[in-house]
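# Overview (structure and organization)
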Amino acid sequence: MNAIAPGKVILSGEHSVVYGAPAIAVAVSAHIHTSFEVAQTPSEELGVVIGADTPVTLPCDYLDTLKQTLDQRFHELEAGNIGVSELLDNPEQLLFYAMAQCGSLPAGTLTTSSSLPTGSGMGSSAAAIGATLALAERLVAKPLSLEQRFALVRHCERLQHGRGSAIDAAAVTYGGLIQVQNSAVTRLSCHLGAGWYRVNSGRPAVSTGQCVEAVRARFADSDIWQEFAQVTQALPDALDQVAQHDDTAVLSLIRQNHRLLCKIGVVPEPVQRFVESVELLGGAAKISGAGAHQGKCGGLVLVYLPAGDIQALCQQFGYELAVLEEDRAGAHFIED
């Protein structure tokens with residue numbers, strides 16, 4: 001039994017979504033795969049294997065107890081008694097918790113593999129949860145609606161980040177392009193065409209939380225979030241124009257977005273030089289995710305370059321390059 005869930009890339013709205021502005025993300029064709037093998041011999045245990053790690057097991061009848069334990073820890077986090085790093089003892093617990101949402105499961109082993117780069121801001125935790133839920137609901141013969149699965153992905157992911165990200169949960173659940181504003185999700189009818197890339201500028205020296213707090217300290221009451229919102233709101237129409245062979249508006253909006261991100265101080269200087277080089281080639285680029293207010297690396301960079309040698313430019317900067325392809329299916333069980 002197998003399931004799959006995509007990662008995501010934010011097109012517009014990182015940081016500003018925290019202040020009530022909309023954000024747009026796209027599910028991408030880089031995935032978390034999960035498989036479940038029912039125990040062939042008498043067993044009362046569930047196992048989880050992440051990548052090439054050693055299996056972690058627990059008794060089937062302990063699953064509900066673990067769920068209660070982790071829920072209690074989250075209450076302690078909300079009360080300020082523990083930190084986010086104290087929620088989970090190991091990454092496998094997150095997937096056990098996801099399985100526990102679907103009720104009693106047969107003994108067996110859940111195995112995951114990933115083509116998503118870890119720590120890249122591409123929603124690997126949400127994707128792992130989404131794929132796990134797609135398997136678990138099939139195992140117990142209790143199918144979830146997309147809305148129910150979205151809510152559960154978000155609920156489970158709060159154990160990883162201290163809150164459930166609506167952007168990550170929506171993108172990996174629904175697939176395609178989605179807009180999120182104040183937890184409301186809208187599926188967009190526009191789609192990406194060719195010429196889009198995701199570039200890894202290196203792992204930021206600061207965490208997402210540290211970067212968000214640094215921005216909050218300087219810009220919490222700023223009008224700049226309205227400028228971000230205007231860019232995001234204009235993006236769907238601009239993408240429709242690309243389908244009509246006119247990318248003028250998309251190029252302009254991505255460049256505006258980049259300059260706004262520079263204003264709030266989350267684009268390291270080397271990344272700024274990379275973006276300038278992309279623009280000289282006739283394209284546009286921006287940080288996708290939190291970025292960084294310190295250090296030289298900014299994490300994921302979104303690039304739109306319909307014509308030009310992006311590979312040579314990435315080699316010059318020492319950045320990893322991948323074509324950005326849209327995944328329109330979202331998390332789902334793979335039929336035989």
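Numbers given for residues are sequential positions, taken from 1 along each chain in its written order. Under the rules for a predicted model, residues below a pLDDT of 70 receive no local features and side-chain atom pairs below 80 are neither given nor counted, while totals for whole chains, interfaces and linings still include all residues. Values shown for side chains rest on all heavy atoms present in the structure; no hydrogens or waters enter the calculation.

### So, the overall build of the chain
Counting its regular elements, the chain contains ten helices and twelve strands. Computed over its C-alpha atoms, the radius of gyration of the chain comes to 20 Å, within 12% of the 20 Å expected for a compact globule of 336 residues. When burial is assessed residue by residue, the chain has 52% of its 336 residues classed as buried. Counting only contacts in the chain whose residues sit at least 6 apart along the sequence, the fraction spanning at least 24 positions is 75%. On the chain, roughly 14800 Å² of surface is accessible, and the fraction owed to carbon and sulfur atoms is 48%. We score Asp and Glu as negative and Lys and Arg as positive, and we do not count His or the chain ends. One atom stands in for each charge, and that atom is NZ of Lys, CZ of Arg, CG of Asp or CD of Glu. Between the mean site of the 21 positive side-chain charges and the mean site of the 35 negative ones, the chain shows a separation of 5 Å. Starting at the N terminus, helices and strands are each numbered in turn, a helix being any DSSP run of H or I of at least four residues and a strand any DSSP run of E of at least two. The atom set for the radius of gyration is the C-alpha atoms, and the globule formula is 2.2 Å times the number of residues raised to the power 0.38. Exposed residues in this analysis have more than 50% of their type's maximum accessible area, buried residues have under 20%, and partly exposed residues fall in between, with area computed by a 1.4 Å probe over protein chains only. In this analysis, two residues are considered to be in contact whenever any of their non-hydrogen atoms come within 4.5 Å of each other. The method behind every accessible area is Shrake-Rupley, applied with a 1.4 Å probe, and residues are considered shielded solely by the protein chains displayed.

### A word on the packing of helix H2 (residues 92–100) against helix H3 (residues 124–139)
With axes taken as lines fitted to C-alpha atoms, and helix axes fitted only over the stretch in contact, angles between N-to-C directions fall between 0 and 180 degrees. Running from N to C, H2 and H3 cross one another at 40°; their axes reach a closest spacing of 9 Å. Classed by the angle they form, the pair H2 and H3 counts as oblique. Here the hand of the crossing between H2 and H3 comes out right-handed. Contact residues: H2 offers Leu94, Leu95, Ala98 and Met99, while H3 offers Ser125, Ala128, Ile129, Thr132, Leu133 and Ala136. Angles are sorted into four bins: roughly parallel if under 35 degrees, roughly antiparallel if over 145, roughly perpendicular if 65 to 115, and oblique for all others. Each crossing gets its handedness from the near helix: less than a right angle anticlockwise from the far helix is left-handed, clockwise is right-handed.

### What to know about the pattern of salt bridges
The term salt bridge refers to a side-chain nitrogen of Lys or Arg lying within 4 Å of a carboxyl oxygen of Asp or Glu. Summed over the entire model, instances satisfying the criterion amount to ten salt bridges. Measuring nitrogen to oxygen at the nearest pair gives 3.4 Å for the salt bridge that ties Glu213 to Arg216. Of this pair, Glu213 and Arg216 are both found in helix H6 (residues 208–219), three residues apart, which corresponds to roughly one turn of the helix. Under the relative-accessibility criterion, Glu213 is labelled partly exposed at 45%. Salt bridges here are not isolated pairs; linked through shared partners, they connect Lys67, Asp71 and Arg158.

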